[in-house]
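# Architecture at a glance
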Amino acid sequence: MLIGNAPCSWGINYPTGNAYSWQTYLDEVAAAGYRGTELGPFGFLPKDQAQLRHELDQRNLTLIGATHVHTFADRSTAPELMTTLRELAPIMRDLGAVHIVIMDESNWYKPGQEGVLDEAGWQGLVATVREAQAVIETEFGLKASFHPHVGTAVEFEAQIDRLLAETDIDLCFDTGHHAFWGQDPLAYMRKVWDRIAYMHLKNVDAAVRQRVLAKQISIEASYGAGVMAPLPDGAVDIAEILRFLAEHNFTGPVVVEQDIAENATETPLQLATRNFVYVQKVI
């Protein structure tokens, strides 16, 4: 398995305004031991294919995929998404990256109404997913997958089941987001194994999660409180997940992600390195 990481582990969630430059990110993700990277928010890494290929080659890195966040719950924004995908997909294809992951934007939902959609909103989300998949797969010959995400209309198992039933898109399965609400990632992986094309490895701090479940802290505030723990430290048995992937000869990308707590005592580079060492010991 090619183990990668992503700019979000350095707190990079937007193309601009980040604490780290793209050069520093690439230097550090390579220094941490990873041989693969996601593209990150579109526009953070260079869009020029020749420049990006050179920068990756200089660090012995492979571009393994892109995770693109969009307001799927707002059907009126679908044309904007298709325009972006038609700009993004050729870059991925030209650099040999097969996968584009699509994900709903949690910030679109009103506070206290995270993930709440009526039936018309759900049908709009499904229609946009289908349209995006057609652009990615039919127009460009790449592989699309959908990332269920906390605070969106596709986060609970019944919602994921419905999306899988109403579309033929596969999943980018995120262990941390699945476990956020106390769901069992490995049990669900066994159930939908033939629909998993891409993996995000993330862990959950059980104590912070319980504060969310008890409504003592909001979903948004939980990230700063450290709800997403380093891989060795959380409630999810990541070693068991990795063994399951190996036993089933998983060939898709495996991307480590690490949301940074506000009181983190380790730098993103230190956290990424610790996560990498842990994964290498298991596999």
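A brief report on the enclosed structure follows. On a predicted model such as this, the values are computed, not experimentally measured, just so you know.

Criteria and thresholds
- Per chain, residue numbering runs from 1 following the sequence as it is written.
- Per-residue local features of the predicted model are confined to residues with pLDDT of at least 70, and side-chain atom pairs are confined, for both listing and counting, to 80 or more; whole-chain, interface and lining totals are unaffected and use all residues.
- Excluded from the side-chain calculation are hydrogens and water; included are all heavy atoms of the structure.
- We call a set of buried Ala, Val, Leu, Ile, Met, Phe, Trp, Tyr and Cys residues a nonpolar core when their side-chain atoms join them within 4.5 Å.
- With a 1.4 Å probe rolled over the protein chains alone, any residue whose accessible area is under 20% of its type maximum counts as buried; one over 50% counts as exposed, and the rest are partly exposed.
- What counts as a helix is a DSSP run of H or I of at least four residues, what counts as a strand is a run of E of at least two, and both are numbered from the N terminus.
- The criterion used for residue contact is that any of the two residues' heavy atoms lie within 4.5 Å.
- Helix axes are fitted to C-alpha atoms over the stretch in contact, other axes to C-alpha atoms as well, and angles between N-to-C directions run from 0 to 180 degrees.
- Any angle that falls under 35 degrees is termed roughly parallel, while one over 145 is termed roughly antiparallel, one within 65 to 115 roughly perpendicular, and all others oblique.
- The sense of a crossing depends on the near helix, which, turned anticlockwise from the far helix by less than a right angle, makes the crossing left-handed and, turned clockwise, makes it right-handed.
- Amino acids outside the nonpolar list (Ala, Val, Leu, Ile, Met, Phe, Trp, Tyr, Cys, Pro) and the charged list (Asp, Glu, Lys, Arg) are all regarded as polar, and Gly is one of them.
- Pairs of N or O atoms are called polar contacts if they sit within 3.5 Å, as long as, within protein, a hydrogen donor faces a hydrogen acceptor (for residues adjacent in sequence, only side-chain-to-side-chain pairs).
- Just to be clear on terms, a salt bridge is a Lys or Arg side-chain nitrogen sitting within 4 Å of an Asp or Glu carboxyl oxygen.
- Here the rule is simple: two strands pair whenever DSSP picks up at least two bridges between them.

### Some details on the nonpolar core
If you look at the biggest cluster of nonpolar residues, it comprises 85 residues, and the most contacted ones within it are L39, L85, M92, I100, I102, M199 and L201. If one sorts the elements of this core by residue count, helix α3 (residues 78-94) sits on top with 8 residues. If sequence neighbours within four positions are ignored, L39 has contacts with P7, L45, L52, L63, G65, A66, L88 and M92. If you look at the next biggest cluster of nonpolar residues, it comprises 7 residues, including A6, I64, Y198 and V255.

### Some words on the packing of α3 against helix α4 (residues 119-139)
Two numbers describe how α3 lies on α4: the axes approach to 10 Å, and their chain directions differ by 25 degrees. Considering their axes alone, α3 and α4 lie roughly parallel with respect to each other. Pair α3 / α4 crosses with right-handed handedness. Two secondary-structure elements touch here, α3 through A78, L81, M82, L85, R86 and R93 and α4 through T128, E131, A132, V135, I136 and E139. When the residues that make up the contact of α3 with α4 are grouped by side-chain class, the tally is 7 nonpolar, 1 polar and 4 charged.

### Description of the side chain of D259
Note on placement: D259 falls in the loop between β8 (254-256) and α11 (268-282). Polar contacts involving the side chain of D259 include one to the side chain of K202, which spans 2.9 Å.

### Thoughts on the pattern of salt bridges
All chains considered together, the criterion is met by 15 salt bridges. Linking R162 and E119 is a salt bridge whose minimum nitrogen-to-oxygen distance equals 2.8 Å. Of this pair, R162 sits in helix α5 (residues 157-166) while E119 sits in helix α4, placing them 43 residues apart in sequence. According to the relative accessible area criterion, E119 is partly exposed, its value standing at 44%. Close ionic contact of E137 with K143 constitutes a salt bridge, the shortest N to O distance being 4.0 Å. Residue class for E137 comes out partly exposed when judged on its relative accessible area of 25%. Three or more residues are tied together by salt bridges with common partners; here these are E137, K143, D170 and R195.

### Here we look at the packing of helix α10 (residues 238-247) against α11
The interhelical angle for the contact between α10 and α11, taken along N-to-C directions, is 50 degrees, at an axis separation of 10 Å. As the angle between them shows, α10 and α11 are arranged oblique. Relative to α11, the crossing made by α10 is right-handed. On α11, the residues touching I238, A239, L242 and R243 of α10 are Y278, V279 and V282.

### Overview of unusual backbone geometry
Even without being glycine, K215 reaches a positive phi, approximately 60 degrees. Counting through the fold element by element, K215 comes out in the loop between α8 (206-213) and α9 (219-224). K215 sits in the exposed class, given a relative accessible area of 76%.

### With respect to the side chain of N275
Structurally, the position occupied by N275 is in helix α11. Here the side chain of N275 touches L231 through a polar contact of 2.9 Å, landing on its backbone nitrogen. In this view, N275 contacts Y34, P230, L231, P232, V256 and Q258; residues no more than four positions away in its chain are not counted.

### Section: the sheet that holds strand β2 (residues 36-38)
The 8 strands are arranged β1-β2-β3-β4-β5-β6-β7-β8 in a closed barrel whose pairing can be described as parallel. Averaged over neighbouring strand pairs, the angle between their axes works out to 30 degrees when direction is ignored. Two elements, β2 and strand β3 (residues 62-70), share 3 bridges in a ladder whose sense is parallel. Its bridge partner being in β3, T37 is matched across the sheet by L63. Taken strand by strand, α4 contacts β4 (99-104) and β5 (143-146), and its axis lies near 155 degrees from that of β5. Strand contacts of α11: β1 (3-5), β7 (196-201) and β8, with the helix running at about 165 degrees to β1, the strand carrying the most contacts.

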